[in-house]
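Descriptive structure summary
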Amino acid sequence: MKLFQHVSDIGDLRTALAEAQEVKRDRYQWQHLGRNKTALLIFFNNSLRTRLSTQKAAMNLGMNVIVLDVNQGAWKLETERGVIMDGDKSEHLLEAIPVMGSYCDIIGVRSFARFESRKDDYEEKILNQFIRYSGRPVFFMESATVHPLQAFADLITIEEHKQTARPKVVMTWAPHPRALPQAVPNSFAEWMLAADVDFVITHPEGYELDPQFIGHARVEYDQMKAFEGADFVYAKNWSCPGVTRPNDYGKVLHDYHTMMDWCVSSRQMAVTNNAAFLHCLPVRRNMIVTDDVIESPRSLVIPEAANREISAQVVLKRMLESL
Ligand code: AN0
Ligand code: CP
């Protein structure tokens, strides 16, 4: 595997899920694969889970790992071509990328949506430069539009905990004080559609996600109705994707105080089929989900986060095998 961005990059999902379980059985059985191979993890944004789980996955495979926080200690990077660089940016991405590529065998990049231009974000302007100029396999650790390591871990978690062949999975928007990207809901939708679960999305009007990710997924604007009979509830905030409201791309559309009904509580969980609760974390309690729901025995947020090590290891393993 030379690129990990979309669900299609992982190929057959049954095979990938079986490989995830094989990793879980003994995560140290491929130490030879990573010998003298280096993973470089580049962060333009904060991270707890992605940073730790991906490092751990690389170490499980016997790799060396280098982590770079671009905004802490590296030169400030210019990303636009043609700019006269007389400001605070000392280096251009076009030099920095091949230089970084020369020190490693595989590159992971985290670079969130900047919300300056929908076109730039949705064309994956930053990540595409890494793909083009690094000369290395690139895996996405949350880009402007996708977070595939998260969605893969979510799918592993659902597979491990489902009690019916085709569970009902509801992804619900929930309130948040700041504008967040659409990467997590985009990828979750993409992976759920490929996994062929009974998938429903619920959000207030204006938050319609890009059809390239949600395809013909069912959207139910009435949150309580969407939750009826759900086996899994996946909560996430996202800002306006700019699909039905192009001028509001990246904005929070309403004062969150007026949207607190959308916070996942025992009121909504009561109409589900004793649903399990999922969230990618970090989560703001009593904005996205109440204390009692996230602390309940039906909350899977910790095993879900633990599965990030597994999804990362499957991806790194596949990349090592094709070096
Ligand atoms: C990020 C987001 O919503 O995309 C990362 C989630 C994994 N969350 C925050 O910035 C709080
Ligand atoms: N879920 C997730 O990607 O968490 P971090 O932002 O902490 O990496």
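Residues numbered from 1 in each chain as written. Chains lettered and ligands numbered in written order. Predicted model: local features only at pLDDT ≥ 70, side-chain atom pairs only at ≥ 80, totals over all residues. Heavy atoms only, no water.

Below, the discussion takes up the site of ligand 1. Surveying the vicinity of ligand 1 reveals the residues F112, E142, H147, L180, P181, K236, C280 and L281. Contact between ligand 1 and K236: an oxygen atom at 2.7 Å from a side-chain N or O atom of the residue. Its free accessible area being 330 Å², ligand 1 has 81% of it covered by the protein chains. (Near = heavy atom within 4 Å. Polar contact = N/O pair within 3.5 Å; in protein donor to acceptor, adjacent residues only side chain to side chain. Areas by Shrake-Rupley, 256 points an atom, 1.4 Å probe, with all protein chains shown as cover.)

Enumeration over the complete set of coordinates arrives at 21 salt bridges. Residue R51 is joined to D69 by a salt bridge in which the shortest nitrogen-to-oxygen separation is 2.6 Å. Placement of the pair is R51 in helix 2 (residues 49-60) and D69 in strand 3 (residues 64-69), with a sequence separation of 18 residues. Overall, R51 belongs to the buried group, its relative accessible area being 19%. Between K162 and E159 there is a salt bridge whose closest N-O contact spans 3.2 Å. With a relative accessible area of 26%, K162 lands in the partly exposed category. Its relative accessible area of 26% is what places E159 among the partly exposed residues. Ionic contacts of the salt-bridge type, sharing partners, join the residues E19, K317, R318 and E321 into one network. (Salt bridge = Lys/Arg side-chain N within 4 Å of Asp/Glu carboxyl O. Helix = DSSP H or I, 4+ residues; strand = E, 2+ residues; numbered from the N terminus. Buried < 20%, exposed > 50% of the residue type's maximum accessible area, 1.4 Å probe, protein only.)

Our focus in this paragraph is the nonpolar core. If you look at the biggest cluster of nonpolar residues, it comprises 60 residues, and the most contacted ones within it are F4, I10, F139, W191, F199 and V315. For this core, the element with the most residues is helix 12 (residues 301-321), which contributes seven residues. Non-local contacts of F4, meaning those with residues more than four positions away in its chain, are made with D9, I10, V138, F139, F140, P148, L149, W191, V315 and M319. Counting 23 residues, the second-largest nonpolar core is a separate cluster that includes L77, L93, Y122 and L127. (Core = buried A, V, L, I, M, F, W, Y, C linked by side-chain atoms within 4.5 Å. Contact = heavy atoms within 4.5 Å.)

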